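The primary structure of each chain is shown beneath.
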Amino acid sequence: MPAQFVFDTRFAEAFLPVEHVVFGKRLLPFCSWHKFQLEIINSPLLLNEPCSIVNLEHAVNICRTTFPQVAHFKAADTWFRRALWFLDKRRYSLHAEIRKFGDYLVNHNSGPKLWDKANEEGGKEPDCDDNLEAVCYFWKHSKCTEREAWMVPLGRMRWYNTLFSRMDGAQVDFWTPKDEEAFAAHVKKREAKIETTAQGYFEAGGVSIEEARERAKTEYWAEVSQRLGKTVRPE
């Protein structure tokens, strides 16, 4: 059997993006410039909140701009123009277009997964915009133009900046496909152990199977926390 390359799917998604079209308009790769503008208007599409057709239209317009162009939203100045605008959008399913925009965000924001340094103390609170910080770090290391730095797709920037930080001496450990496979096997073994314990409590009588499973799960995580000497939240 021929050997096969094993790719991190997060990496492949970041560097092999597909074209995204919402409301019939082609979107540019989602980048720091777009994210910054969406944050400025508190777009519900970034906050997982209910989204209106106007919210989505604003987001689409933003994600078609290039730095330093800012998306402007001109309100229709007559009822006739407003009616035409809504009639045009009735061709689309709002639910389907929102889903397509969500796929677009995921596709262009696929950064690396890193090992959680749970034993390290949290860093200090950020004191500047995270978009600016990421752009400046990339700009410094890549020696590109300011415009190019702001327009780099977010997923790619996260991969580049993570490797740049490793080159600068940071301890960076990637969560690899092998780690993913080992973790899946661990979860399967863990759930089997919890289920076996739960079945024992259930067969002993006095509790429902749901109560037995909850008891077994609580005991398992209490045991893990005691072994590690710290509170561990269920995964």
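Note that this is a predicted model, so its numbers are computed, not measured.

Caption draft 1: Just the overall build of the protein chain, in detail. When helices and strands are counted, the protein chain shows 11 helices and 2 strands. Put simply, the protein chain runs from its N terminus to its C terminus through helices and strands in the order α-β-β-α-α-α-α-α-α-α-α-α-α. Split into buried and exposed, the 235 residues of the protein chain put 30% on the buried side. Long-range contacts, defined here as pairs at least 24 residues apart, represent 71% of the contacts in the protein chain between residues at least 6 apart. About 16,100 Å² of surface is accessible on the protein chain, with carbon and sulfur atoms providing 57% of the total.

Caption draft 2: Looking closely at the packing of helix α2 (residues 32–40) against helix α7 (residues 130–142). The N-to-C vectors of α2 and α7 enclose an angle of 170 degrees; their axes lie 10 Å apart at closest approach. Considering their axes alone, α2 and α7 lie roughly antiparallel with respect to each other. Taken as a pair, α2 and α7 cross one another with a handedness that is left-handed. Of the residues in α7, those in contact with Ser32, Lys35, Phe36 and Glu39 of α2 are Asp130, Asn131 and Val135. Looking at side-chain class alone, the contact of α2 with α7 contains 2 nonpolar, 2 polar and 3 charged residues.

Caption draft 3: Layout of a nonpolar patch on the surface. Residues Ile40, Ile41 and Phe73 make up a contiguous nonpolar surface patch of roughly 260 Å² in combined accessible area. Positionally, Ile41 belongs in the loop between α2 and α3 (44–47). Residue Ile41 is classed as partly exposed on the basis of its relative accessible area of 36%.

Caption draft 4: Representation of the packing of aromatic side chains in the model. Applying the stated criterion to the full structure yields 15 aromatic pairs. Plain terms: the ring middles of Phe30 and Tyr104 are 5.8 Å apart, the flat faces sit at 75 degrees to each other, and that makes the pair edge-to-face. Here Tyr104 lies in helix α6 (residues 94–107) and Phe30 lies in the loop between β2 (25–26) and α2, a separation of 74 residues in the sequence. Of the two residues, Phe30 and Tyr104, both sit in the buried class. Relative to Tyr160, the ring of Phe138 lies with its centre 5.7 Å away and its plane at 45 degrees, an arrangement referred to as tilted. Taken together, the residues Phe138 in helix α7 and Tyr160 in helix α9 (residues 154–167) connect sequence positions 22 residues apart. A residue is classified by how much of its surface remains accessible, and Tyr160, at 35% relative accessible area, is partly exposed. An aromatic cluster of three or more residues is present, and its members are Phe11, Phe15, Phe138, Trp159, Tyr160 and Phe164. Over the aromatic face of Trp175 sits the side chain of Lys113, whose NZ or CZ is 4.4 Å from the ring centroid. The ring of Tyr201 has Arg215 sitting right over it, with the charged end atom 3.8 Å from the ring centre.

Reading guide: rules and limits
Residues numbered from 1 in each chain as written. Predicted model: local features only at pLDDT ≥ 70, side-chain atom pairs only at ≥ 80, totals over all residues. Heavy atoms only, no water. Helix = DSSP H or I, 4+ residues; strand = E, 2+ residues; numbered from the N terminus. Buried < 20%, exposed > 50% of the residue type's maximum accessible area, 1.4 Å probe, protein only. Contact = heavy atoms within 4.5 Å. Areas by Shrake-Rupley, 256 points an atom, 1.4 Å probe, with all protein chains shown as cover. Axes fitted to C-alpha atoms, helices over the stretch in contact; angles between N-to-C directions. Parallel < 35°, antiparallel > 145°, perpendicular 65-115°, else oblique. Left-handed = near helix turned anticlockwise from the far one by under 90°. Nonpolar A, V, L, I, M, F, W, Y, C, P; charged D, E, K, R; others polar. Patch = residues over 30% accessible without salt bridge, like charges linked within 9 Å, V, L, I, M, F, W, Y side chains within 5 Å. Salt bridge = Lys/Arg side-chain N within 4 Å of Asp/Glu carboxyl O. Phe/Tyr/Trp six-rings, centres within 6.5 Å; stacked < 30°, edge-to-face > 60°. Lys NZ or Arg CZ within 6 Å of the ring centre and 35° of its normal.

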